[in-house]
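Chain by chain, the residues run as shown.
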Amino acid sequence: MTIKKRLAIAGLSLGCLLALPALAADAAKGKVKAETCTGCHAVASYQNVYPTYNVPKVAGQHAEYIVAALKAYKSGERAHQTMHANAINLSDEDMADIAAYFASVAPGAAAAAAK
Ligand code: HEC
């Protein structure tokens, strides 16, 4: 087997691990795409820029759940103006990448850092 073939297979297997369920999600791209999100859903400390504003924790959340929530906000099935505005321009690929990133951030580590 050539190195190229091996890499392709390794890439495919990794893609399958991260696939949600059909798209190959890219957590590294998701981290960049999630920059605006962390202003509210701050991963490191869960401190929001608005102290009185309750924002659910998404770090460590299941990627499937995050994608489902974003699709529901985008379609308006889940009504929330702020999140509708945040989800409206996300493609399925963006959602999968962002979800892969948030899912890859350990909630325990962030909670410990916040102490
Ligand atoms: C201006 C603040 C703000 C920004 C920016 C923001 N969110 Fe949100 N987000 C919220 C609030 C508030 C809620 C709770 C809405 C509700 O009650 O349904 C929420 C809910 C969510 C949920 C559902 C969580 C759950 O437990 O059900 C997900 C997933 C989510 N946001 C992801 C994102 C992503 C991804 C981005 C960036 C593209 C983003 N948010 C940007 C404030 C924000």
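The following refers to the structure shown. (Residues numbered from 1 in each chain as written. Predicted model: local features only at pLDDT ≥ 70, side-chain atom pairs only at ≥ 80, totals over all residues.)

1. What about the overall build of the protein?
Counting secondary structure elements, the protein contains seven helices and zero strands. Listed by position from the N terminus, the elements making up the protein come as α-α-α-α-α-α-α. Contacts spanning at least 24 positions in sequence make up 72% of the contacts within the protein whose residues lie at least 6 apart. (Helix = DSSP H or I, 4+ residues; strand = E, 2+ residues; numbered from the N terminus. Contact = placed C-beta atoms within 7 Å.)

2. With respect to the nonpolar core
Membership of the largest hydrophobic core comes to 20 residues, with the highest contact counts inside it found for Ile-66, Ala-99 and Phe-102. A total of eight residues in this core trace back to one element, the largest contributor, which is helix α6 (residues 92-104). (Core = buried A, V, L, I, M, F, W, Y, C linked by C-beta atoms within 7 Å. Buried ≥ 20, exposed ≤ 12 C-beta atoms within 10 Å, placed from the backbone.)

3. Quick word on the site of the ligand
Near the ligand you find 18 residues, and of these Cys-37, Cys-40, Pro-56, Ala-69 and Asn-86 are the closest. Going through the elements one at a time, α3 (35-38), α4 (63-75) and α5 (81-87) are the ones with two or more residues in the shell around the ligand. Residue composition of the shell around the ligand, grouped by class: eleven nonpolar, six polar and one charged. (Near = placed C-beta within 6 Å. Nonpolar A, V, L, I, M, F, W, Y, C, P; charged D, E, K, R; others polar.)

4. What to know about the environment of Asn-86
Here Asn-86 lies in helix α5. Between the C-alpha atom of Asn-86 and that of Cys-37, which follows or precedes it by 49 residues, the distance is 8.0 Å.

5. Points about the packing of α4 against α6
Two numbers describe how α4 lies on α6: the axes approach to 8 Å, and their chain directions differ by 140 degrees. Classed by the angle they form, the pair α4 and α6 counts as oblique. The way α4 lies across α6 gives a crossing that is right-handed. Only Met-95, Ala-96, Ala-99, Ala-100, Phe-102 and Ala-103 of α6 make contact with α4, whose side of the interface consists of Ala-63, Ile-66, Val-67, Leu-70 and Lys-71. Its residues assigned to classes, the contact of α4 with α6 shows ten nonpolar, no polar and one charged. (Axes fitted to C-alpha atoms, helices over the stretch in contact; angles between N-to-C directions. Parallel < 35°, antiparallel > 145°, perpendicular 65-115°, else oblique. Left-handed = near helix turned anticlockwise from the far one by under 90°.)

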